[in-house]
Amino acid sequence: GGPLLALVGTGLAMVGRNQSGTIGSALGWLLLIEPLVSTAAPEAAKWLPFASGLALTYSPNAGLFGPALGGVVLAAYAAASVAVARIVLARTDV
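What counts, and at which threshold
- Residues numbered from 1 in each chain as written.
- Predicted model: local features only at pLDDT ≥ 70, side-chain atom pairs only at ≥ 80, totals over all residues.
- Heavy atoms only, no water.
- Helix = DSSP H or I, 4+ residues; strand = E, 2+ residues; numbered from the N terminus.
- Contact = heavy atoms within 4.5 Å.
- Areas by Shrake-Rupley, 256 points an atom, 1.4 Å probe, with all protein chains shown as cover.
- Expected span 1.5 Å × (residues − 1).
- Polar contact = N/O pair within 3.5 Å; in protein donor to acceptor, adjacent residues only side chain to side chain.
- Axes fitted to C-alpha atoms, helices over the stretch in contact; angles between N-to-C directions.
- Parallel < 35°, antiparallel > 145°, perpendicular 65-115°, else oblique.
- Nonpolar A, V, L, I, M, F, W, Y, C, P; charged D, E, K, R; others polar.
- Patch = residues over 30% accessible without salt bridge, like charges linked within 9 Å, V, L, I, M, F, W, Y side chains within 5 Å.
- Salt bridge = Lys/Arg side-chain N within 4 Å of Asp/Glu carboxyl O.
- Buried < 20%, exposed > 50% of the residue type's maximum accessible area, 1.4 Å probe, protein only.
- Phe/Tyr/Trp six-rings, centres within 6.5 Å; stacked < 30°, edge-to-face > 60°.

Student: Just give me the short version of the overall build of the chain, but keep the residues and values in it.
Tutor: Looking only at helices and strands, one finds 5 helices and 0 strands in the chain. Counting helices and strands in the order they occur from the N terminus, the chain gives α-α-α-α-α. In terms of principal-axis extent, the alpha carbons of the chain reach across some 50 × 25 × 20 Å. The contacts of the chain with a sequence gap of at least 6 include a subset with a gap of at least 24, amounting to 42%. Summed over all atoms, the accessible surface of the chain reaches about 6,100 Å², with 70% contributed by carbon and sulfur.

Put into structure tokens, the structure is as follows:
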């Protein structure tokens, strides 16, 4: 799960214009958004990136995907973040 989360972070860092804002956004997502979604909509929470990473690292949990599907979901987030970063970088890099 770690390397895939690193790709998600790399994609965010490439899109973000400012280091503090990007780090703050990532931490806000991890510490605020995902727990709120987990509380409000537990069935939707397993589709979030950190919950998918958690499915890869811990034993099966009723609220999470299994390791294989958690890895696929997290890989999709990683691919999407790198693809968006590539597009943004290509349009803004001189």
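What follows continues from the structure just given.
Student: Let's hear about helix α2 (residues 19–40): which residues, and what values?
Tutor: Helix length check: α2, at 22 residues, gives a terminal C-alpha distance of 30 Å against a target of 32 Å (1.5 Å per residue), a fit within 8%. Sitting at the amino-terminal end of α2 is N18, which places a side-chain oxygen 2.8 Å from the backbone nitrogen of S20.

Student: Tell me about the packing of α2 against helix α4 (residues 49–57), residues and numbers included.
Tutor: One way to put it is that α2 packs onto α4 with a least axis distance of 9 Å and a crossing angle of 95°. Taken together, the axes of α2 and α4 are roughly perpendicular relative to one another. Every residue of α4 that contacts α2 at W29, L30 and E34 is listed here: P49, F50 and A51. In terms of residue class, the contact of α2 with α4 is built from 5 nonpolar, no polar and 1 charged.

Student: Mind laying out a nonpolar patch on the surface, listing which residues take part and the relevant values?
Tutor: On the surface, a nonpolar cluster with roughly 820 Å² of combined accessible area is contributed by I23, L27, W29, L30, L31, L32, I33, L36 and F50. With 8 residues, the single largest contributor to the nonpolar patch is α2. Here I23 is to be found in helix α2. On the accessibility criterion, I23 (52% relative accessible area) is exposed.

Student: Let's hear about the packing of aromatic side chains: which residues, and what values?
Tutor: Any aromatic ring pair is given by two values, namely how distant the centres are and how the planes are angled relative to each other. Tallying each qualifying case throughout the model produces 1 aromatic pair. Geometrically, the ring pair formed by W47 and F65 is edge-to-face, given 4.8 Å between the ring centres and 80° between the ring planes. Here F65 lies in the loop between α4 and α5 (67–92) and W47 lies in the loop between α3 (42–45) and α4, a separation of 18 residues in the sequence. By relative accessible area, which is 11% here, F65 ends up buried.

Spatial relationships are all this shows, so hold off on functional conclusions.
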